[in-house]
Amino acid sequence: MSQQRLDKIIASQGKYSRSDVKKLARNGDITVNGKSVSDCGMKVDPEKDSITVCGESFGYSRFIYIMLNKPEGVVSASRSPGEKTVVDLVPEELYRDGLFPAGRLDKDTTGFVLITDDGAFAHDILSPKKHIEKTYIAQLDRPIGEAELDEFRSGITLGDGYECLPASISVLSDDGLIVEIKLREGKYHQIKRMAAACGSHVNKLHRVSMGGLELDGSLNPGECRLLDDTELAKIKEV
Ligand code: URA
């Protein structure tokens, strides 16, 4: 990794903001290679230089993993001229080059998007072989019936002839309009097309979990936060 500003590197790991770093440096609480550092604009290489913060060795993670509660109207891309993207929602202190969404939600779909710069991890969880389970809550325009539930569970054939893997589905509301769907694949507009193949329309779609990790309910739409190692491991669990 190349050299970067010390405050940027420390803030990138989520525990301290850039202004915290400034204060810590002023108090002599940051060392680089054994020497106290007051200039937090100093350039360091976190993979080569030894950094301590408040007497503790600073654990730097090469890659970053961010959970976003995606709002409606934002596109799942790194860049899209004229449109707001999920990466545009990453706050400055967490932003770094190379961030992208690991898997896409439609512009009008809300919920859990994982943003990372770790291509191998993204490939690992999304490749057809290992594809993790993703859970969605869908609001349909008409009550779902037993025949449609059976179709979802046995594998729906989409309008273009693609045969979906069997999906898990359960009805969450008494009126039969709200369902929970678990998928292990991620074709374009998959849930909307599965519903359409059964004569229904999806009015609202929200992703609530990726693998064994649920969307943090304290994140408002548009907010995001870093994942820790335990949470990251949970993504691969289911
Ligand atoms: N299925 C869809 O139709 N859209 C999404 O955004 C995700 C799954």
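### Quick notes on the pairing of strand β12 (residues 178-183)
Part 1 of the reasoning: Residue alternation in β12 divides its side chains into a buried set, Val179, Ile181 and Leu183, and an unburied set, Ile178, Glu180 and Lys182.
Part 2 of the reasoning: In this sheet, β12 lies alongside strand β10 (residues 134-140) in antiparallel orientation, the contact comprising 6 bridges. Residue Ala138 lies in a different strand from β12, and its bridge partner there is Val179.
Part 3 of the reasoning: By the bridge criterion, 4 bridges tie strand β11 (residues 168-171) to β12 in an arrangement that is antiparallel. When the sheet's bridge partners are listed, Val171 is paired in β12 with Val179.
Part 4 of the reasoning: In textbook terms, the turn of a hairpin is the stretch between consecutive antiparallel strands, and for β11 and β12 this stretch comprises 6 residues, one of which, Gly176, has a positive phi near 75°.

### Looking at the site of the ligand
Part 1 of the reasoning: Residues in contact with the ligand, as listed here, are Leu105, Asp106, Thr109, Tyr136, His189, Gln190, Ile191, Lys192 and Leu205.
Part 2 of the reasoning: Between Asp106 and the ligand, the recorded distance is 2.7 Å, taken from a side-chain N or O atom to a nitrogen atom.
Part 3 of the reasoning: Thr109 is positioned such that a nitrogen or oxygen atom in its side chain is 2.9 Å from an oxygen atom of the ligand.
Part 4 of the reasoning: Alone, the ligand offers 240 Å² of accessible surface; in the complex the protein occludes 96% of this.
Part 5 of the reasoning: Among the detected pockets, the ligand sits in the largest pocket.
Part 6 of the reasoning: Considered class by class, the residues forming the shell around the ligand number 4 nonpolar, 3 polar and 2 charged.

### Side note on the domain arrangement of the protein
Part 1 of the reasoning: Along its sequence, the protein is carved into domain 1 (4-57), domain 2 (65-128 + 221-229) and domain 3 (134-210).
Part 2 of the reasoning: Domain 1 and domain 2 are separated by 27 Å when their C-alpha centres are compared.
Part 3 of the reasoning: With 5 residues of domain 1 at the interface, the matching set in domain 2 holds 5 residues.
Part 4 of the reasoning: When domain 1 packs against domain 2, the two sides together hide about 420 Å² of surface, and 47% of this comes from carbon and sulfur.
Part 5 of the reasoning: Here domain 1 is connected to domain 2 by 0 salt bridges.
Part 6 of the reasoning: Considering only residue class, the side of domain 1 that touches domain 2 consists of 1 nonpolar, 3 polar and 1 charged.

### A word on the side chain of Arg207
Part 1 of the reasoning: Checked against the element boundaries, Arg207 lands in strand β13 (residues 202-210).
Part 2 of the reasoning: At 9.4 Å, Asp106 is the nearest oppositely charged side chain to Arg207, a buried residue that forms no salt bridge.
Part 3 of the reasoning: Apart from the residues within four sequence positions on either side, Arg207 is in contact with Arg104, Leu105, Thr110, Gly111, Phe112, Val113, Lys134, Thr135, Tyr136 and Leu215.

### Here we look at helix α3 (residues 119-126)
Part 1 of the reasoning: Residues of α3 that are buried include every one of Phe121, Ala122, Asp124 and Ile125, and no others. The buried residues of α3 occupy one face: seen down the axis, they fall within an arc of 160°. Relative to its buried face, α3 has exposed residues pointing more than 90 degrees away, namely Ala120 and His123.
Part 2 of the reasoning: The elements touched by buried residues of α3 are β7 (65-70), β8 (100-101), β9 (110-116), β13 and α6 (229-235).

### Considering the layout of surface pockets
In this approach the atoms are scanned with a rolling probe the size of a water molecule, which exposes any empty space left behind.
Part 1 of the reasoning: In this structure, the largest pocket spans a volume of roughly 630 Å³.
Part 2 of the reasoning: For the lining of the largest pocket, the elements supplying multiple residues, two or more each, are β10, α5 (190-197) and β13.
Part 3 of the reasoning: Here the lining of the largest pocket takes 3 residues from α5, the largest share from any one element.
Part 4 of the reasoning: In terms of residue class, the lining of the largest pocket is made up of 13 nonpolar, 8 polar and 9 charged.
Part 5 of the reasoning: The computed volume of the second largest pocket comes to approximately 360 Å³.
Part 6 of the reasoning: For the second largest pocket, the lining is made up of 20 residues, of which Gln13, Gly14, Lys15, Phe58 and Gly59 are closest to its centre.
Part 7 of the reasoning: Taken together, the elements giving at least two residues each to the lining of the second largest pocket come down to β6 (56-57) and α6.
Part 8 of the reasoning: For the lining of the second largest pocket, the residue count by class is 9 nonpolar, 6 polar and 5 charged.
Part 9 of the reasoning: Residues lining the lining of the second largest pocket come from more than one domain, with at least three contributed by each of domain 1 (4-57) and domain 2 (65-128 + 221-229).

Thresholds, definitions, all that
- Residues numbered from 1 in each chain as written.
- Predicted model: local features only at pLDDT ≥ 70, side-chain atom pairs only at ≥ 80, totals over all residues.
- Heavy atoms only, no water.
- Buried < 20%, exposed > 50% of the residue type's maximum accessible area, 1.4 Å probe, protein only.
- Helix = DSSP H or I, 4+ residues; strand = E, 2+ residues; numbered from the N terminus.
- Pairing = 2+ DSSP bridges.
- Near = heavy atom within 4 Å.
- Polar contact = N/O pair within 3.5 Å; in protein donor to acceptor, adjacent residues only side chain to side chain.
- Areas by Shrake-Rupley, 256 points an atom, 1.4 Å probe, with all protein chains shown as cover.
- 1 Å grid on protein atoms, 1.4 Å probe; cavity = no way out; pocket = protein on both sides within 12 Å on 5 of 7 lines; lining within 4 Å.
- Sits in = over half its atoms within 2 Å of the grid points.
- Nonpolar A, V, L, I, M, F, W, Y, C, P; charged D, E, K, R; others polar.
- Domains from an automatic or database assignment.
- Contact = heavy atoms within 4.5 Å.
- Buried area = accessible area lost by both parts, 1.4 Å probe.
- Salt bridge = Lys/Arg side-chain N within 4 Å of Asp/Glu carboxyl O.
- Lys, Arg positive; Asp, Glu negative; His and termini not counted.
- Arc of directions from axis to C-beta.
- Points joined across faces, edges and corners; volume = space filled by probe spheres on them.

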